[in-house]
Amino acid sequence: MIFDKDGTTTLIYQEKKSLSIFLKNLDEKYSEVKNDNLIINLFSFDTLTSGDVMEFLDISNRHRKSGKSFVIVTDKVSYDDVPDEIIVAPTLQEAKDIIEMEEIERDLEL
């Protein structure tokens, strides 16, 4: 599992592993990134379904309840194919833009 930290956002990705191993590793290392906005880069997976993305729902909900952003990046599953509770972006730039917008919204709510 690879962490690429940029300010208050951490990009997480893993090469050549199964989705179940990725989820297991993310759960084990979550305490290291729990205070950051998270971008989960799933571009290394050749095939991905909306069901696969839904595997991240529990950790996404937990992370978002703590006041941080959680965005999954893949071009294989559309945001229309998953419920509103989980955020999917087709590019890294869009994921960063989503996090920036959510940060502004959180700042305005204070």
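Quick note: structure is the one above.
One numbering rule holds for all chains: residues counted from 1, following each sequence as written. Note on the predicted model: pLDDT of at least 70 is required for a residue's local features to be given, and 80 or more for side-chain atom pairs to be given and counted; whole-chain, interface and lining totals, by contrast, use all residues. In computing side-chain properties, one takes all heavy atoms of the structure into account and sets aside hydrogens as well as water.

1. Re the nonpolar core
Right, so step 1: If you look at the biggest cluster of nonpolar residues, it comprises 22 residues, and the most contacted ones within it are Ile40, Leu42, Val53, Phe56 and Ile72.
Right, so step 2: Only runs of H or I of at least four residues qualify as helices and only runs of E of at least two qualify as strands under DSSP, and these elements are numbered from the N terminus. Where this core is concerned, the elements lending two or more residues are α1 (19-33), β3 (37-41), α3 (57-65) and β4 (70-73).
Right, so step 3: Top contributing element to this core by residue count: α1, with 6 residues.
Right, so step 4: Every residue in contact with Ile72, bar those within four places of it in the chain, is listed here: Ile40, Leu42, Val53, Phe56, Ile86, Ile87, Val88 and Ala89.
Right, so step 5: To qualify as a nonpolar core, a set must consist of buried Ala, Val, Leu, Ile, Met, Phe, Trp, Tyr and Cys residues joined through side-chain atoms within 4.5 Å. Accessibility here uses a 1.4 Å probe with only protein chains present; expressed as a share of the type maximum, an area under 20% marks a residue as buried, one over 50% as exposed, and anything in between as partly exposed. Of all hydrophobic cores here, the second largest spans 8 residues; its members include Leu11, Ile39, Ile87 and Ile99. It only takes one pair of heavy atoms within 4.5 Å for two residues to be counted as in contact.

2. Overview of the packing of aromatic side chains
Right, so step 1: Stacked, tilted and edge-to-face are the three classes applied to pairs of Phe, Tyr and Trp rings, where Trp contributes its six-membered ring and a pair requires centres within 6.5 Å; stacked means planes under 30 degrees apart, edge-to-face means over 60, and tilted covers the rest. Considering all chains together, one arrives at 2 aromatic pairs under this definition.
Right, so step 2: Geometrically, the ring pair formed by Phe22 and Phe45 is edge-to-face, given 6.0 Å between the ring centres and 85 degrees between the ring planes. Placement of Phe22 in helix α1 and of Phe45 in the loop between β3 and α2 (50-54) is noted, with a sequence separation of 23 residues between them. Considered together, Phe22 and Phe45 belong to a single accessibility category, that of buried residues.
Right, so step 3: Taken together, a centroid distance of 5.8 Å and an interplanar angle of 65 degrees make the contact between Phe22 and Phe56 edge-to-face.

3. With respect to the packing of α1 against α3
Between two packed helices, the angle of one axis relative to the other and the distance separating the axes together describe the packing.
Right, so step 1: Here an angle of 0 to 180 degrees is reported between the N-to-C directions of two axes, which are lines fitted to C-alpha atoms, with helices fitted over the stretch in contact. Relative to each other, α1 and α3 sit at 15 degrees, their axes nearing to 12 Å. Taken together, the axis directions place α1 and α3 in an arrangement best described as roughly parallel. Handedness of the crossing formed by α1 with α3: right-handed. Across the interface between the two elements, Leu26, Asp27, Tyr30 and Val33 from α1 touch Ile59, Arg62 and His63 from α3.
Right, so step 2: Side-chain classes are defined by residue name, with Ala, Val, Leu, Ile, Met, Phe, Trp, Tyr, Cys and Pro counting as nonpolar, Asp, Glu, Lys and Arg as charged, and the others, Gly among them, as polar. A class-by-class count of the residues in the contact of α1 with α3 yields 4 nonpolar, 1 polar and 2 charged. Oblique is the label for any angle not under 35 degrees, not over 145, and not in the 65 to 115 range, which are roughly parallel, roughly antiparallel and roughly perpendicular in turn. Helix crossings fall into two classes, left-handed where the near helix is turned counterclockwise from the far one by less than a right angle and right-handed where it is turned clockwise.

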